[in-house]
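These are the residues of each chain, in order.
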Amino acid sequence: MASFFHTEIQYLPGVGQRKAELLQKELEIFTFGDLVQHYPFRYEDYTQFLKIEEVHEDMLHVQLKGVIRRIEMSGSEKKRRLIAYFKDETGEVALIWFKGLSWFLKTLKPGGAYVIYGKPTTYGNKINFVHPEIDVLTSAHEKRRYLQPVYSTTEKLKEAFLDSKVLARLQKKLLQEATGYIQETLPTYLMDCYKLISKKEALFSIHFPANREILQKASFRLKFEELFYIQLQLLSLRQMRIERLQGKDFQDASLLKHFYDTHLPFELTGAQKNVIKEIYRDLRSGTQMHRLLQGDVGSGKTMVAFLSMLIVVEGGAQAAMMVPTELLAEQHYRDLKKFADQLAISIALLVGATKKRERTKIKAALETGELKILLGTHALIEDNVQFHNLGLAVIDEQHRFGVMQRAKLWQKNQAYPPHILVMTATPIPRTLAMTLYGDLDSSVIDEMPPGRKPIQTRHYYDAHRLKVFHFLKKQVEMGRQVYIVYPLIEESAKMDYKDLMDGYESICRAFPAYPISIVHGKMKPADRDYEMQRFIKGETKIMVATTVIEVGVNIPNATVMVIENAERFGLAQLHQLRGRVGRGDHQSYCILMTGYKLSKESKARIATMVRTNNGFEIADVDLQLRGPGNLMGVQQSGLLALKIANLGQDEKILQVAREAAKHVIKEDPTLTAPKHANIKAHIASINENDTNWSRIS
Ligand code: ADP
Ligand code: MG
């Protein structure tokens, strides 16, 4: 049964051991099942012949039949080309070849009837086909009416004669043999409800569609299935958590109210208030909180975390907050200690650099429960750090932490699982959040504290550097500070360091009157910290750095972020970097420097940055431009091995699939109803082959 699709690919007639090895290496096709799921990425449309008068340049590939009227050679030596004038009863187009001229000259016959297939382009107001496929017209062409699948393949595979056409033949053979083994994976009632075609029909039609309409149905069915099963598993994880993991409930929020009324130095934004309410509801619900809090840089997540900690501390438990770097930990400690002191709540900082004596003291106070709030880096999750009673763990900037590190926090309390709040400033598009964090509850802070002036972003070409320097000078004269950031990509590290040092020198020359800091990854951590501290204290005015400037660093007096070679950064990173400024009352600026030569994508990224400060909008553009696999935080998660659905495009299907999954889990959480037997069986077969799911929780 299912084992048919687990058969190793080498046993498919026509494959054999050598080709199997290549398929594994190049396309990760190990089994029959993997091959079937190597879906075409486009189709050549042989379902119809167009008339020449219907063809225009916006069309993708088209098929025409007609007669070659005349053939000529044109152009001199290097630009030599063969032009064939091809006509039907409605018009004429030119077919152009730059290569294989003599062969075409020999084979093509003026007056002969041909079928051509290619992409129309225009040149001088006329429709052209450059290097079209061409065949002598036969009755077979007249009869053929299908879409030819096109499969992705590689140079190595092509050398071994595994091109798209051969892959198509293998698919056809496999599907013929598979007929008896394809099982329906969705319940009939869902198929009826969402008008889904059967799995068997979908698999045949995705590879060999008879027409566009059936292709559309096949694709919808398979995408639905793929997304449905992801959602179903995420939602059932969530369900399991709710049922099994009883959390401790914290009912009392009077400490929070007291702090709010007497000490809080500003009014919370509406969004912050809403999120606190959501968290408070979780904390007193009796089940473990598992919440993702997204909020753009500067939206005030730290205060939300602190207020949540107060609820837990009042209930007699401890709270911990884990951040990715020492610098950030120190900054949070400085900020929060002020408040904790006002409330006489003990708070401590534990980082790698904490001295042994201090460390021993902290650990002891933690074990007795005397210490209420602990901030730190991953030093927090070391095994010898024992809490008396950990009630809430906050994880800031979560994409820098591995899933395993997060899981270690869970285990810090034997009596009950601590509540978990994961905070991130990397906005995740909705579709992605639903897919990656579909098992977490999610909150969003979508409002900035009042009085913030939106950062102004400008794009300058390198040639206008003097103008930019002039602007920086004026800012520094006004007392402000400036970041200048250089890219550092591992593959070109040597060149990148050279760029950085060259840049540093030229800045020193341009600003002889000002102290300048430089920070990069080749420095000893102690030197780096020293330089960072000088900048934080305002002793240096300009900070030249590679991207080591940490996420979350808060220096309100820094108002300009200059990003050199901005075209080399991804959108998420540009947005993160820009978030280092705009943290105080002064107008802030982000300056993107590039050369004149920009790819289409770089242009789109830069235009997006100039147009908007909204992290979610940026994340959406990023998703469109790059696809989900490349987004920050997603790559490491290894969760997005989608075969057919595309989170950039299939948001509607995702929503429908999630609704369906919700419905199923609500009605039958354990999937034991007879009508859900094939769901249960399918999940078992997915898990047999795939360890992804155990990795999320
Ligand atoms: P992030 O969400 O990036 O972690 P922070 O928590 O560091 O943002 O907050 C950025 C700054 O805004 C801090 O200095 C913080 O004290 C301040 N802040 C937070 N909430 C408010 C508010 N409601 N009104 C005014 N300032 C606020
Ligand atoms: Mg923060």
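Criteria and cut-off values
- Residues numbered from 1 in each chain as written.
- Chains lettered and ligands numbered in written order.
- Predicted model: local features only at pLDDT ≥ 70, side-chain atom pairs only at ≥ 80, totals over all residues.
- Heavy atoms only, no water.
- Core = buried A, V, L, I, M, F, W, Y, C linked by side-chain atoms within 4.5 Å.
- Buried < 20%, exposed > 50% of the residue type's maximum accessible area, 1.4 Å probe, protein only.
- Helix = DSSP H or I, 4+ residues; strand = E, 2+ residues; numbered from the N terminus.
- Contact = heavy atoms within 4.5 Å.
- Expected span 1.5 Å × (residues − 1).
- Arc of directions from axis to C-beta.
- Phe/Tyr/Trp six-rings, centres within 6.5 Å; stacked < 30°, edge-to-face > 60°.
- Lys NZ or Arg CZ within 6 Å of the ring centre and 35° of its normal.
- Near = heavy atom within 4 Å.
- Polar contact = N/O pair within 3.5 Å; in protein donor to acceptor, adjacent residues only side chain to side chain.
- Nonpolar A, V, L, I, M, F, W, Y, C, P; charged D, E, K, R; others polar.
- Axes fitted to C-alpha atoms, helices over the stretch in contact; angles between N-to-C directions.
- Parallel < 35°, antiparallel > 145°, perpendicular 65-115°, else oblique.
- Pairing = 2+ DSSP bridges.

Enquirer: Mind showing me how you'd approach the nonpolar core here?
Expert: For soluble globular proteins, the rule of thumb is that nonpolar side chains tend to be buried together. Residues Phe224, Phe228, Tyr229, Leu232, Leu374, Leu409 and Ile679 are the most contacted members of the largest nonpolar core, which totals 51 residues. Take this core: its biggest share by element is seven residues, from helix H24 (residues 651-667). Contacts of leucine 232, omitting those with residues within four sequence positions, involve Ala661, Val664, Ile665, Leu671, Ile679 and Ile683.

Enquirer: Just checking my understanding: could you explain helix H2 (residues 16-27) for this structure?
Expert: Helical periodicity: at 3.6 residues per turn, an α-helix aligns residues three or four positions apart in one direction. The end-to-end C-alpha separation of H2 is 16 Å, in line with the 16 Å expected for twelve residues at 1.5 Å each. All of the buried residues along H2 are Ala20, Leu22, Leu23 and Leu27. One face of H2 carries all of its buried residues, which in axial projection span an arc of 160°. Along H2, exposed side chains directed more than 90 degrees from the buried face belong to Gln17, Arg18 and Lys25. Residues of H2 that are buried in the fold lie against helix H6 (155-159) and helix H7 (164-178). Residue glutamate 28 follows H2 closely and has a positive phi angle near 55°.

Enquirer: Honestly, the packing of aromatic side chains in this entry has me stumped. Any pointers?
Expert: Two numbers describe a pair of aromatic rings. These are the distance of the centres and the angle of the planes. Across all of its chains, the model carries 19 aromatic pairs by this definition. Taking the centre distance of 5.2 Å and the plane angle of 90° together, the rings of phenylalanine 4 and phenylalanine 5 count as edge-to-face. For the residue pair phenylalanine 4 and phenylalanine 5, the accessibility class agrees, reading buried in each case. Here the aromatic rings of phenylalanine 228 and tyrosine 229 are separated by 5.2 Å at their centres, their planes lie at 85°, and the arrangement is edge-to-face. Tyrosine 229 shares its class with phenylalanine 228; the two are buried. The rings of Tyr194, Phe220, Phe224, Phe228 and Tyr229 are connected pair by pair, giving a single aromatic cluster. Above the ring of phenylalanine 250, the side-chain terminus of lysine 248 is found at 5.6 Å from the ring centroid. Note that arginine 284 overlies the ring of tyrosine 280, its terminal NZ or CZ placed 4.2 Å from the centroid.

Enquirer: Can you walk me through the site of ligand 1 in this structure?
Expert: Around ligand 1, a shell composed of 16 residues is seen, among which Gln272, Gly298, Lys301, Thr302 and Arg452 lie nearest. Lysine 301 places a polar side-chain atom, nitrogen or oxygen, 2.8 Å from an oxygen atom of ligand 1. Within the side chain of arginine 583, an N or O atom sits 3.4 Å from an oxygen atom of ligand 1. Here the residues of the shell around ligand 1 are counted per class, giving four nonpolar, seven polar and five charged.

Enquirer: Could you clarify how one ought to interpret the packing of helix H11 (residues 254-262) against helix H13 (residues 301-314) in this entry?
Expert: A pair of packed helices can be characterised by two numbers: the angle between their axes and the separation between those axes. H13 packs onto H11 with a crossing angle of 135° between their chain directions and a minimal axis gap of 7 Å. On the basis of the axis angle, H11 is oblique to H13. Contacts between H11 and H13 involve Ser254, Leu255, Leu256 and Phe259 on the former and, on the latter, Met303, Phe306, Leu307, Leu310, Ile311 and Glu314. In terms of residue class, the contact of H11 with H13 is built from eight nonpolar, one polar and one charged.

Enquirer: Please clarify how the sheet that holds strand E20 (residues 542-545) should be interpreted in this entry.
Expert: Across a sheet, paired strands are connected by hydrogen bonds in the backbone, their directions being either parallel or antiparallel. Ordered in space as E17-E22-E21-E18-E20-E19, the six strands form an open sheet in which the pairing is parallel. Each of the sheet's edge strands pairs with one partner strand only, and the pair in question is strand E17 (456-461) and strand E19 (516-519). Neighbour-to-neighbour, the strand axes of the sheet open up by a mean angle of 20°, direction not taken into account. As paired elements, strand E18 (residues 481-485) and E20 share four bridges and run parallel to each other. The residue bridging valine 482 from the neighbouring strand is isoleucine 542, located in E20. Contacts from helix H18 (residues 465-477) reach E17, E18, E20, strand E21 (558-563) and strand E22 (589-594) within the one sheet, and its direction differs from that of E22 by about 160°.

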